[in-house]
Structure formats: C-alpha cells, structure tokens
Amino acid sequence: MEQPCMRPVFALLADQVHGMNDDPLPLSALNRCTVYPAEALSVDTGALMGDAIGDLSEVVAGDIYMLDESTGPSELILMQNGQQTVVAQESAVGDPGQVVMPLARHQIMGERGGTVEVLVLDLAGMRLALPLGPLSSSDEYTLICSAAMEGELSNVAQVSFTRGTRITMADGLQRAVEDLRPGDRVLTRDHGPQPVRWVGSQTVRAEGSNAPVIIERDALNNADDLSLSPDHRLFIYQRHDATSAGRAELLVRARNLVNHETIWRAPPSHVDYFHLLFDAHEIIYVSGIPAESLLVTPEVLAGMGEDLADQLRVTMGGRTQVPHHGVEPTAAELNGPDAVDILRRASSR
C-alpha cells in the first residue's frame with residue numbers, strides 16, 4: 001500500500017534544531033502525542049531531589065524519578081508550518097501556533113527492568129515530558145543515560161526496511177520487501193509461517209543521524225548488506241551471555257551498533273522505508289538474520305504520521321500489540337569498538 005511522502009513528527013522536531021529541513025512544507029496536521037508536565041516526572045531519590053526532568057544540564061544519571069499520580073496525561077497535537085513545528089488548533093496543550101522545541105532525550109529504567117525513553121520538549125517556556133512507552137505512578141524509574149535530541153529521533157516510531165531488503169518467506173525463499181502484499185506468508189521465529197496483514201511505505205529525507213543504518217555483510221552473520229531505520233531492533237540470541245544482560249534474548253537498536261567500520265550511517269539521500277505488520281509483534285528473518293516487525297502500541301502510533309496511524313488503527317481494529325520478549329541493552333552498555341564482534345560471536349557459538 002503506497003503512501004504519500006511524509007515525515008514522522010520527531011524528524012520535524014529534530015530538523016528545527018539542526019536546520020536539516022530546508023524544504024518548506026504546507027500547514028498540515030502531523031501527530032497526536034501524549035504528554036505530561038515535566039514537573040509530573042521528578043526526582044524522588046538522588047542528587048537533584050524534587051527537580052523535574054529537564055535538559056542535559058538538569059539531570060544526573062542514577063537519580064530515581066516517580067510520576068505524580070495526581071497528574072494525568074494530555075494530548076499535544078503538532079503541525080508543521082513551513083520550517084517550524086507548532087501546536088495545532090485542537091491541541092489540549094499549549095496555544096495554537098506556539099513553536100515546539102526539543103531539548104533532550106532520556107532513557108529511564110523501571111523497577112522490573114523495562115526501559116522507557118522520555119523526550120523533553122519546550123513550548124514557550126513550558127516544559128513537557130513525552131514518554132515513548134507506558135509510565136506508571138506506582139513504579140520508580142532510574143535515569144540511565146541522556147542525549148541531545150538529534151535527528152535519529154525521527155525513527156523512534158519506525159520499524160522499517162529499505163527498498164531491496166530480502167525477507168524470508170514461508171517456503172524458505174527470499175523476496176524483496178517492496179514486493180510483499182497483505183496475505184503473503186512470512187517465516188517467523190516463534191510462530192512459523194504468518195500472513196502479512198498490512199504493508200506501508202513512505203519516502204523520507206535521510207540525512208546525518210536520521211539516515212538509515214547500513215550493516216555490512218557478515219557483520220552480524222547477515223548474508224548481505226542490510227539497511228534499516230535507526231531505531232529498528234535486531235533480535236540476537238546469545239548462546240552465552242557475552243553482554244552480561246542476564247538473559248540470552250536481546251533486542252538491539254541498529255543505531256546503537258554503529259562503529260563506522262562494519263556498521264555505519266548511509267550518506268545523505270531520500271530513502272524508501274517499508275513497514276510490515278503481522279497479527280503479533282514478530283521476529284522475522286531479513287538477509288538471514290532475525291529482526292522485529294512493526295510493533296503497534298499507542299506510543300508507536302503517536303510517533304507516526306496521521307495517514308499511516310489511521311490505516312493501522314483500522315487494520316488492527318483498535319487493538320494494540322504486546323512487545324516481543326527480550327532485553328534491550330542501552331547505548332552505554334554497547335559502547336565500545338568490539339560490541340558488534342562480541343554480539344556476532346555470542347550469537348554464533
């Protein structure tokens with residue numbers, strides 16, 4: 001199902017900071033996001049006791065945050081006006097036309113080990129926390145790491161393969177992702193052959209940290225070069241726990257594996273991205289190695305353009321999906337020149 005050229009909201013936010021969006025776009029609705037006042041997520045224990053989550057200068061790794069149970073979420077609706085991301089007329093947060101500025105991206109970990117990324121935005125001095133996963137007021141969250149809000153955030157909602165990616169079908173043959181249609185049966189790791197429920201595509205401008213990640217042939221035991229959206233997660237089964245993750249099954253974001261030798265960012269260009277949806281969040285085989293399919297959750301829908309999100313809601317009948325099990329290492333845990341080689345050897349022995 002071919003889609004018109006469109007860009008996820010996070011790309012537009014990031015472009016505003018980094019000046020990557022030079023082509024004016026018409027005023028149009030882009031996205032609906034669930035946000036909290038930044039002060040609703042504050043330090044309960046740690047160096048900055050009582051402080052709200054903020055920019056890079058206002059947080060300390062290791063501090064423990066809690067969500068104020070008396071503060072409910074609100075809907076922030078964003079629009080693109082020329083080169084600026086602004087608040088839309090219907091938004092419950094902010095004033096129409098206010099410019100939205102991204103400040104920081106934080107990764108926090110709950111008591112049970114699950115991680116959530118939180119974006120901090122500024123609306124004319126009002127700070128907002130935009131979680132990219134569920135938050136609970138009964139849980140404590142430890143700040144693991146933080147980063148400047150860069151173009152890579154454009155792909156938070158994307159689980160996308162680039163044109164030409166070879167997908168393993170139910171009969172063992174491989175087919176280019178752009179040739180797949182709803183009803184085609186694909187081999188999955190956990191549930192055998194499963195039919196594709198929906199295929200979406202979009203063409204985006206890919207530059208700098210927003211560019212696809214290229215994984216060189218055999219870097220991770222892949223049969224040929226593989227190109228993925230930056231936040232697409234690869235499934236790695238460790239035959240021995242080489243990363244000290246405590247579990248054999250890992251889900252690793254492609255952008256966290258870039259070593260500029262065997263894995264790198266593609267040069268500036270436009271890229272065709274393809275999304276594959278199944279009844280469940282599946283692990284499928286691409287270029288001979290396992291990677292996730294599109295995951296449909298409220299947070300993912302909030303990070304996609306309205307057209308794609310509406311089609312997914314109709315296809316799913318209002319249902320969402322449960323994420324596939326697997327530990328997701330942080331960028332810090334994978335930091336180092338040997339991370340890719342360690343994972344490749346851990347998964348093949």
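The rules behind these values
Residues numbered from 1 in each chain as written. Predicted model: local features only at pLDDT ≥ 70, side-chain atom pairs only at ≥ 80, totals over all residues. Heavy atoms only, no water. Helix = DSSP H or I, 4+ residues; strand = E, 2+ residues; numbered from the N terminus. Buried < 20%, exposed > 50% of the residue type's maximum accessible area, 1.4 Å probe, protein only. Areas by Shrake-Rupley, 256 points an atom, 1.4 Å probe, with all protein chains shown as cover. pLDDT = per-residue confidence, 0-100. Contact = heavy atoms within 4.5 Å. Core = buried A, V, L, I, M, F, W, Y, C linked by side-chain atoms within 4.5 Å. Pairing = 2+ DSSP bridges. Polar contact = N/O pair within 3.5 Å; in protein donor to acceptor, adjacent residues only side chain to side chain. Salt bridge = Lys/Arg side-chain N within 4 Å of Asp/Glu carboxyl O. Arc of directions from axis to C-beta.

What follows concerns the overall build of the protein chain. A tally of helices and strands in the protein chain yields five helices and 23 strands. When each of the 349 residues of the protein chain is scored for burial, the buried share is 51%. Surface exposure of the protein chain reaches about 14,500 Å², of which carbon and sulfur atoms provide 49%.

As a further point, take the confidence of the model for the protein chain. Looking at the protein chain as a whole, its pLDDT mean stands at 80, while 79% of the residues score no less than 70. Counting contacts from residues 1-30, a segment whose pLDDT is below 50, to residues more than four positions away or on other chains yields 96 contacts. Contacts of residues 150-156 to residues separated by more than four positions or lying in other chains number 29 contacts, the stretch itself having pLDDT below 50.

Nonpolar side chains in soluble globular proteins generally cluster together in the buried interior. One finds Ile-215, Leu-220, Leu-234 and Leu-276 to be the most contacted residues of the largest nonpolar core, which totals 30 residues. Contributing elements (two or more residues each) for this core: strand E16 (213-215), strand E17 (226-228), strand E18 (233-237), strand E19 (249-253), strand E21 (269-277), strand E22 (283-286), strand E23 (289-292) and helix H5 (339-348). When residues no more than four places from it in sequence are discounted, the contact partners of Leu-276 are Phe-161, Ile-167, Val-177, Leu-180, Trp-198, Val-199, Ile-284, Ser-293 and Leu-294. Core analysis: the next-biggest nonpolar cluster, separate from the first, contains 17 residues, Ala-38, Ala-40, Leu-41 and Tyr-141 among them.

With four bridges joining them, E22 and E23 adopt antiparallel strand pairing. Pairing of Ile-284 across the sheet is with Ala-291, part of E23. As consecutive antiparallel partners, E22 and E23 are separated by two residues, and within that stretch Ser-287 has a phi angle of approximately 50°, a positive value.

Along the chain, Arg-175 turns up in strand E12 (residues 174-176). Residues contacting Arg-175, with those up to four places away along its chain left out, are Thr-165, Arg-166, Ile-167, Met-169, Leu-180 and Asp-184. Engagement of the side chain of Arg-175 in a polar contact is seen with the side chain of Asp-184, the distance being 2.8 Å.

This paragraph deals with the pattern of salt bridges. Enumeration according to the criterion identifies 17 salt bridges in this entry. Here Asp-184 makes a salt bridge to Arg-175, at a shortest N to O gap of 2.8 Å. Look at Asp-184 and you get buried, because its relative accessible area is 18%. Put simply, Arg-313 and Asp-310 hold a salt bridge, and the shortest N to O gap is 2.9 Å. Of the two residues, Arg-313 and Asp-310 both sit in helix H3 (residues 306-316), three residues apart, roughly one turn of that helix. The class for Asp-310 is partly exposed, based on a relative accessible area of 37%. A single network of salt bridges, built from pairs that share partners, joins Arg-105, Glu-117, Asp-231, Arg-253 and Arg-255.

Phi at Ala-124 takes a positive value of approximately 50°, unusual for a residue other than glycine. Tracing the backbone shows Ala-124 in the loop between strand E7 (115-123) and strand E8 (126-131). On the basis of relative accessibility, which here comes to 64%, the residue Ala-124 falls in the exposed class.

A few words now on the environment of Gly-94. Looking at the element boundaries, Gly-94 is found in the loop between strand E5 (84-87) and strand E6 (100-110). Given the relative accessible area of 28%, Gly-94 is considered partly exposed. When sequence neighbours within four positions are dropped, the list of residues in contact with Gly-94 reads Val-87, Leu-123 and Met-126.

Turning our attention to H5. Every buried residue belonging to H5 is among Ala-339, Val-340, Leu-343 and Ala-346, and all of these are buried. The buried side chains of H5 occupy one side of the element, clustering within an arc of 135° when seen end-on.

Moving on, we get to the pairing of E21. Alignment of strand E10 (residues 161-162) against E21, held across two bridges, turns out to be antiparallel. Directly across from Phe-161, in E21, lies its bridge partner Phe-274. Sheet topology places strand E15 (residues 198-206) next to E21; nine bridges connect them, and they run antiparallel. By the bridge assignment, Thr-203 is partnered in E21 with Asp-272.

It is worth spelling out the environment of Pro-73 at this point. By the element assignment, Pro-73 lies in the loop between strand E3 (64-67) and strand E4 (74-82). Along the chain, Pro-73 and Ala-40 lie 33 residues apart, while their C-alpha atoms are 9.6 Å from each other. For Pro-73, the contacting residues outside a window of four places in its chain are Thr-34, Val-35 and Tyr-36.

Moving on: the side chain of Asn-259. Along the chain, Asn-259 falls in the loop between E19 and strand E20 (263-265). For Asn-259, a relative accessible area of 17% gives the class buried. From its side chain, Asn-259 meets the backbone nitrogen of Thr-262 in a polar contact 2.9 Å long.

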